[in-house]
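Remarks on the overall topology
Each chain, written out:
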Amino acid sequence: MERRQFLRQAGATLAVASTGGLAACVRQPVKSAIATGDRLSAGGAALAPIRASVDRITGVYVCTRPFRAEGPRIEMQKLGGKTIVHNYGHGGSGWSLSWGSGTLALQMAQSTGTHELGVIGCGAIGLTTALLAQQAGLSVRIYAKALPPDVFSMRASGLWTPDSRICDAAHAAGFADRWETMTRISYARFQSLLGLPGKPIEWIDGYSLADAPFGSFHGEVSDEPAYGEFADRVRDLTPRSVELAPGSHPFPEPYVRRYTTLMFNISSYANLLMSEYLAAGGKIEIREFTHADELQQLPERTLVNATGYGARALFNDESLIPVRGQTARLIPQPEVTYGLRLKDISVVPRSDGIMVQVIGDSGNFNNPDLTPRRADSEAAVRELADLMANMRHS
Ligand SMILES: Cc1cc2nc3c(=O)[nH]c(=O)nc-3n(C[C@H](O)[C@H](O)[C@H](O)COP(=O)(O)OP(=O)(O)OC[C@H]3O[C@@H](n4cnc5c(N)ncnc54)[C@H](O)[C@@H]3O)c2cc1C
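Residues numbered from 1 in each chain as written. Predicted model: local features only at pLDDT ≥ 70, side-chain atom pairs only at ≥ 80, totals over all residues. Heavy atoms only, no water.

So, the overall build of the chain
Helix and strand counts for the chain come out as eight helices and 16 strands. By the burial criterion, 51% of the 394 residues in the chain qualify as buried. (Helix = DSSP H or I, 4+ residues; strand = E, 2+ residues; numbered from the N terminus. Buried < 20%, exposed > 50% of the residue type's maximum accessible area, 1.4 Å probe, protein only.)

Okay, structure coming up:
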């Protein structure tokens with residue numbers, strides 16, 4: 001439905017562009033650019049065409065964002081002879097907030113005076129918390145039922161999105177200071193991870209495309225709550241987006257903005273985190289807990305609970321709501337270095353594959369269904385192919 005709407009709107013945009021002043025400069029369709037490998041230019045930056053076709057999809061992945069209306073649970077709990085430091089419920093922001101959230105959790109763990117820490121979970125949150133603890137001189141053992149690449153974190157899009165589905169609007173004021181602390185700590189850490197072999201973290205440019213002036217659409221999803229928005233608190237961290245004048249870019253849409261953001265090449269990044277953890281003597285035990293009481297059997301007296309959505313069952317936390325998300329991965333194209341954001345698609349040019357994600361669709365909130373809907377992803381890739389076919393030479 002929304003996809004059809006988008007195509008209608010995109011069609012209308014093309015009609016406007018071909019009849020109105022937007023078509024002032026004569027441009028050639030891009031089909032020949034795809035065939036010859038030419039680059040298109042946007043505001044001076046060269047853009048390689050994306051080879052979007054459904055036969056280049058290498059996988060369709062589904063995961064659930066672990067959302068809590070009041071924000072992530074980062075707090076201590078005494079349970080029998082153990083101190084549990086909870087660190088879960090990061091919604092659509094787990095990678096982005098991981099270092100800041102881990103720092104807060106570690107401070108709590110250290111307040112017990114422990115030198116040995118057990119971390120339950122080996123996703124974005126568990127791994128970063130474990131690394132921070134090692135760097136603080138603690139001896140760490142991770143317990144997890146699954147490791148990367150078989151954890152939900154590996155199915156994320158890979159963008160700096162620190163306030164994506166992180167709390168609802170009603171809880172935003174009470175959570176804002178903590179959010180800003182976590183965001184600034186994480187951001188600083190990511191700067192130290194730039195320029196490394198395999199580019200685990202890099203800055204990219206991307207283009208938001210719209211057929212109506214920006215500001216009239218905020219990305220709300222009809223059946224999801226209003227979420228807390230905090231971007232204004234950290235405006236100083238990332239460059240401002242820049243509106244591109246019609247004719248200065250190859251896109252058919254009349255409104256185009258260039259944004260600049262951090263991207264996580266998740267395969268390479270998770271590999272780096274795992275390698276660092278193991279190189280520093282970190283231990284891993286594959287183990288699934290079916291009840292929180294089983295944690296009493298572990299030797300460590302202080303434990304960090306970084307089980308993500310798994311915490312809902314393990315700690316009976318019904319405030320943890322699954323928000324389903326699906327991405328498709330296309331064969332990597334190292335020459336494609338830009339992201340795209342359309343009304344209902346997001347494209348992330350990761351080194352392990354070009355991620356194409358349907359966004360803005362309904363039916364995902366409180367939906368734990370992990371069954372891939374390939375037809376949805378194929379439709380998104382076809383839309384992307386359509387866009388590529390309608391891009392123009394400058
Ligand atoms: C489609 C999509 C796109 C996203 N894109 C982004 C993005 O671009 N940027 C961003 O910052 N975030 C993004 N996110 C959010 C991010 O993926 C999550 O916030 C993050 O993965 C949560 O990490 P985690 O470590 O808490 O959970 P997980 O990755 O789920 O890790 C949980 C760990 O705990 C273990 N575990 C769970 N239960 C048990 C148990 N009972 N016993 C033993 N072990 C257990 C698991 O095996 C695993 O090791 C996205 C999410 C989705 C769904």
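A closer look at helix α4 (residues 124-135)
Compared with an ideal rise of 1.5 Å per residue, which puts 12 residues at 16 Å, α4 spans 17 Å between its outermost C-alpha atoms and is within 8% of the ideal. Along α4, 11 of the 12 residues are buried, which leaves the element largely enclosed by surrounding structure. Among all positions in α4, only A124, I125, G126, L127, T128, T129, A130, L131, L132, A133 and Q134 are buried. Residue G137 follows α4 closely and has a positive phi angle near 95°. (Expected span 1.5 Å × (residues − 1).)

Structural notes on the environment of R329
Along the chain, R329 falls in strand β13 (residues 320-330). Among the residues examined, R329 registers a relative accessible area of 13% and is labelled buried. The spacing of R329 and R155 is 174 residues in sequence and 9.9 Å in space, taken between C-alpha atoms. Contacts of R329, omitting those with residues within four sequence positions, involve R56, I57, T58, G59, Y61, M154, S267, R350, D352, G353, I354 and M355. A polar contact of 3.4 Å, which involves the side chain of R329, links it to the backbone oxygen of D352. (Contact = heavy atoms within 4.5 Å. Polar contact = N/O pair within 3.5 Å; in protein donor to acceptor, adjacent residues only side chain to side chain.)

Looking at the site of the ligand
Taken together, 34 residues form the shell around the ligand, and within it C63, G91, S96, S153 and L159 come nearest. Note that an oxygen atom of the ligand is positioned 2.9 Å from one of the backbone N or O atoms of A146. Coverage of the ligand by the protein amounts to 95% of the 1,000 Å² it exposes when considered alone. Counting only elements with at least two residues in the shell around the ligand, the list comes to β3 (57-68), α3 (94-110) and α4. Here the element with the most residues in the shell around the ligand is α3; it accounts for three residues. Taken together, the residues that form the shell around the ligand break down as 13 nonpolar, 17 polar and four charged. There are two domains that each give the shell around the ligand at least three residues, and those are domain 1 (2-64 + 203-261 + 323-389) and domain 2 (67-189 + 266-321). (Near = heavy atom within 4 Å. Areas by Shrake-Rupley, 256 points an atom, 1.4 Å probe, with all protein chains shown as cover. Nonpolar A, V, L, I, M, F, W, Y, C, P; charged D, E, K, R; others polar. Domains from an automatic or database assignment.)

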